[in-house]
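One-letter residues, chain by chain:
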Amino acid sequence: GVFSLGILGNQLTSELVLTDIQFLLCLHLALLLQHQFEEYQFPGGFKDYFNTNIYKKSIIIRFPLNDTAIFIVNVIIAWTAYIYSALHPNNLWLALGLFCITFFNGFLHSFLFFRKKKYNPGFYTGLFFFIPFYSYALYTLSEALSKEDWILGLLIFVICTAAIPGSIYLSNKL
């Protein structure tokens, strides 16, 4: 968050000029950190919500969410990918894949809220930050994306989405 906010603040107060994609990628990282803050700190409770409302009712997810899985998904995978993407803005396929993950995350939080008519940690940032951000980012990038960017971006989306239940499984086996 400090990295992204530092770059965004520098953008506003200095002669450093970020391209549109660099700005979006830094903002993307800041939004991810805000989302994780909502899920795990304030109001927090995502692990308990997941284990009570998703894990226990799922025929697919057979292991509870634990702190190791949260660390693997949110720090090792997500922070690494988002920071790498921000530092390498020419990899539009990676940006697209991460933007798709962001949209899907926002969609799932919103779907759960409207289906269960109950708040879930991450809902507000999912609905009010992730979904509008994805729409704007896709609009901004659409002309620059090649067919290969779309293919690789969607592949990144599928692989990273599958890594979530995979990391939950592995963390329960450690």
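Residues numbered from 1 in each chain as written. Predicted model: local features only at pLDDT ≥ 70, side-chain atom pairs only at ≥ 80, totals over all residues. Heavy atoms only, no water.

(A) The overall build of the chain, seen in detail. For the chain, the helix and strand inventory stands at seven helices and zero strands. When the elements of the chain are put in sequence order from the N terminus, they spell out α-α-α-α-α-α-α. The proportion of buried residues among the 174 residues of the chain is 41%. For the chain, long-range pairs separated by at least 24 residues make up 70% of all intrachain contacts whose partners lie at least 6 apart in sequence. Within the structure as shown, the chain displays about 10000 Å² of accessible surface, and the carbon and sulfur contribution to it stands at 68%. (Helix = DSSP H or I, 4+ residues; strand = E, 2+ residues; numbered from the N terminus. Buried < 20%, exposed > 50% of the residue type's maximum accessible area, 1.4 Å probe, protein only. Contact = heavy atoms within 4.5 Å. Areas by Shrake-Rupley, 256 points an atom, 1.4 Å probe, with all protein chains shown as cover.)

(B) Spotlight on a positive patch on the surface. On the surface, a cluster of positive charge is made up of Lys57, Arg115, Lys116 and Lys118. You can see Lys116 is positioned in helix 5 (residues 92-116). (Patch = residues over 30% accessible without salt bridge, like charges linked within 9 Å, V, L, I, M, F, W, Y side chains within 5 Å. Salt bridge = Lys/Arg side-chain N within 4 Å of Asp/Glu carboxyl O. Lys, Arg positive; Asp, Glu negative; His and termini not counted. Charge placed at Lys NZ, Arg CZ, Asp CG, Glu CD.)

(C) Region of interest: the packing of helix 2 (residues 20-40) against helix 4 (residues 67-87). One way to put it is that helix 2 packs onto helix 4 with a least axis distance of 8 Å and a crossing angle of 165 degrees. The pairing of helix 2 with helix 4 is recorded here as roughly antiparallel in orientation. Between helix 2 and helix 4 lies a crossing whose hand is left-handed. Where helix 2 abuts helix 4, its residues Leu25, Cys26, His28, Leu29, Leu32, Leu33, Gln36, Glu39 and Tyr40 lie against Ile70, Asn74, Ala78, Trp79, Tyr82, Ile83, Ser85 and Ala86. Residues that form the contact of helix 2 with helix 4 fall into these classes: twelve nonpolar, four polar and one charged. (Axes fitted to C-alpha atoms, helices over the stretch in contact; angles between N-to-C directions. Parallel < 35°, antiparallel > 145°, perpendicular 65-115°, else oblique. Left-handed = near helix turned anticlockwise from the far one by under 90°. Nonpolar A, V, L, I, M, F, W, Y, C, P; charged D, E, K, R; others polar.)

(D) Geometry of the packing of aromatic side chains. What the rule picks out here adds up to 14 aromatic pairs. Centroid distance Phe99 to Phe133: 5.3 Å. Interplanar angle 80 degrees. Geometry classified as edge-to-face. Of this pair, Phe99 sits in helix 5 while Phe133 sits in helix 6 (residues 123-141); the two residues are 34 residues apart in sequence, bridging distant segments of the chain. By relative accessible area, which is 6% here, Phe133 ends up buried. Here the aromatic rings of Phe107 and Phe111 are separated by 6.2 Å at their centres, their planes lie at 25 degrees, and the arrangement is stacked. Taken as a pair, Phe107 and Phe111 lie in helix 5 at a separation of four residues, close to a single helical turn. In this structure Phe107 comes out as partly exposed when scored by relative accessible area, which is 40%. Overall, Phe111 belongs to the partly exposed group, its relative accessible area being 43%. The structure contains a cluster of three or more aromatic residues connected by ring pairs, namely Phe113, Phe114, Tyr119, Phe123, Tyr124 and Phe128. (Phe/Tyr/Trp six-rings, centres within 6.5 Å; stacked < 30°, edge-to-face > 60°.)

(E) Looking closely at the side chain of Ser110. Tracing the backbone through its elements, the reader meets Ser110 in helix 5. Look at Ser110 and you get buried, because its relative accessible area is 6%. Sequence-distant contacts of Ser110, that is, excluding residues within four places in its chain, are made with Phe123, Gly126, Leu127 and Ile131.

(F) Examining the environment of Lys147 more closely. Assignment of secondary structure puts Lys147 in helix 7 (residues 147-173). Taking the relative accessible area as the measure of exposure, Lys147 reaches 63% and is therefore exposed. With 54 residues separating them in the primary sequence, Lys147 and Trp93 have C-alpha atoms 9.6 Å apart.

(G) The arrangement of the pattern of salt bridges in detail. Overall, the coordinates contain one salt bridge when judged by the stated rule. Between Asp67 and Lys47 there is a salt bridge whose closest N-O contact spans 3.0 Å. You can see Asp67 sitting in helix 4 and its partner Lys47 sitting in helix 3 (residues 46-53), a full 20 residues away along the chain.

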